[in-house]
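The primary structure of each chain is shown beneath.
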Amino acid sequence: MSITSIILMFIFIIIPIVLSKSFNLGLEKDTTVAAIRSFVQLLIVGYILQFIFDQDSYIFIVLMVILIIGAATQNARKKGLEIPGITWKLLLAFISIEIITQGILIGFNITPATAQYIIPISGMIIGNSMVLSILFLNRFMSEIKQNDNIIELILCLGGTPKQAIHKQLITSIQSSVIPTIEQQKTIGLVQLPGMMSGQIIAGADPLEAVLFQILIVFMLLTAATMTSVILGFLSYPTLFNKKQQLIEKHFK
């Protein structure tokens, strides 16, 4: 892209700001901040990636993946502060997903073990897992708060914590995974995925781009399911005390 093109692309920021101002939506500040942050952050990441690609060192690749996982954990934990140890639970979930997906890709020679593949794929997988974890935590906390009386009743009747919270846990997992499933049902019909479109614009063979996008789609489905399942089954036991009672203070 030329300097002129880069300057002109800010038109897409001016339009929502003008609309917000015209209709008194109050989104001017948030839109401006989001635009500046995304521009600066992506520009910095671009230089960092260029440096990592030039170095061709696994040390820098690992450090970049750690940064991605750390940032995702820090952002997602804000939605689950009521859950004891939510930070390490998220870390464990993201690390497990990263190891499994990259292990399959590299272990079966589906993609090369290079920074060009590992870092972008890790970003897509962990980014998607972060969004799914936020959806899960929001729904899980809401379900427990709304049904705490039912949970306590099951416990009083001799049920185990797993039995008492089973319905809320399964509902939360389903609710967080369903958007990914529904999106994938219409992929290619309603929308062309960003990664595939980017490859095509960059001059890649359309069929090659499609096949790689299919790989990403399948990985995202795995990551979505694993995120909610791992996070759910790590979280629910810590909501009960040693006497198998629901710890009320987490939901006040």
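Before reading further, recall that the structure is shown in the block above.
Just so you know, these numbers come straight off a predicted model, no measurement behind them. (Residues numbered from 1 in each chain as written. Predicted model: local features only at pLDDT ≥ 70, side-chain atom pairs only at ≥ 80, totals over all residues. Heavy atoms only, no water.)

Chemist: Could you give me a rundown of the overall build of the protein, with the residues and numbers involved?
Modeler: Of the regular secondary structure elements, the protein holds 10 helices and zero strands. Listing each helix as α and each strand as β along the protein from the N terminus yields α-α-α-α-α-α-α-α-α-α. When its C-alpha atoms are laid out on the principal axes, the protein stretches across 70 × 55 × 35 Å. Counting the 252 residues in the protein, one finds 34% classified as buried. Put simply, of all contacts in the protein between residues at least 6 apart along the chain, 69% involve residues at least 24 apart. If you sum the accessible surface of the protein, you get close to 15,100 Å²; carbon and sulfur atoms cover 68% of it. Of the charged side chains in the protein, 16 are positive and 13 negative, and the gap between their average positions amounts to 13 Å. (Helix = DSSP H or I, 4+ residues; strand = E, 2+ residues; numbered from the N terminus. Buried < 20%, exposed > 50% of the residue type's maximum accessible area, 1.4 Å probe, protein only. Contact = heavy atoms within 4.5 Å. Areas by Shrake-Rupley, 256 points an atom, 1.4 Å probe, with all protein chains shown as cover. Lys, Arg positive; Asp, Glu negative; His and termini not counted. Charge placed at Lys NZ, Arg CZ, Asp CG, Glu CD.)

Chemist: Explain the packing of aromatic side chains to me, using residue names and the numbers behind them.
Modeler: Inspection of the entire model under this criterion finds five aromatic pairs. Note on F233 and Y236: the rings are 6.0 Å apart at their centroids and 80° apart in plane angle, and the pair reads as edge-to-face. By relative accessible area, F233 is classed as partly exposed at 38%. The buried category is assigned to Y236, whose relative accessible area is 12%. (Phe/Tyr/Trp six-rings, centres within 6.5 Å; stacked < 30°, edge-to-face > 60°.)

Chemist: A description of the packing of helix 4 (residues 58–76) against helix 5 (residues 86–107) should follow, citing residues and the corresponding values.
Modeler: Put simply, helix 4 and helix 5 touch, their axes get as near as 9 Å, and they point 140° apart. On the basis of their axis angle, the class for helix 4 and helix 5 is oblique. Between helix 4 and helix 5 the crossing geometry is right-handed. Contacts between helix 4 and helix 5 involve V65, I69, A72, T73 and A76 on the former and, on the latter, T87, L90, L91, F94, I95 and E98. For the contact of helix 4 with helix 5, the residue count by class is eight nonpolar, two polar and one charged. (Axes fitted to C-alpha atoms, helices over the stretch in contact; angles between N-to-C directions. Parallel < 35°, antiparallel > 145°, perpendicular 65-115°, else oblique. Left-handed = near helix turned anticlockwise from the far one by under 90°. Nonpolar A, V, L, I, M, F, W, Y, C, P; charged D, E, K, R; others polar.)

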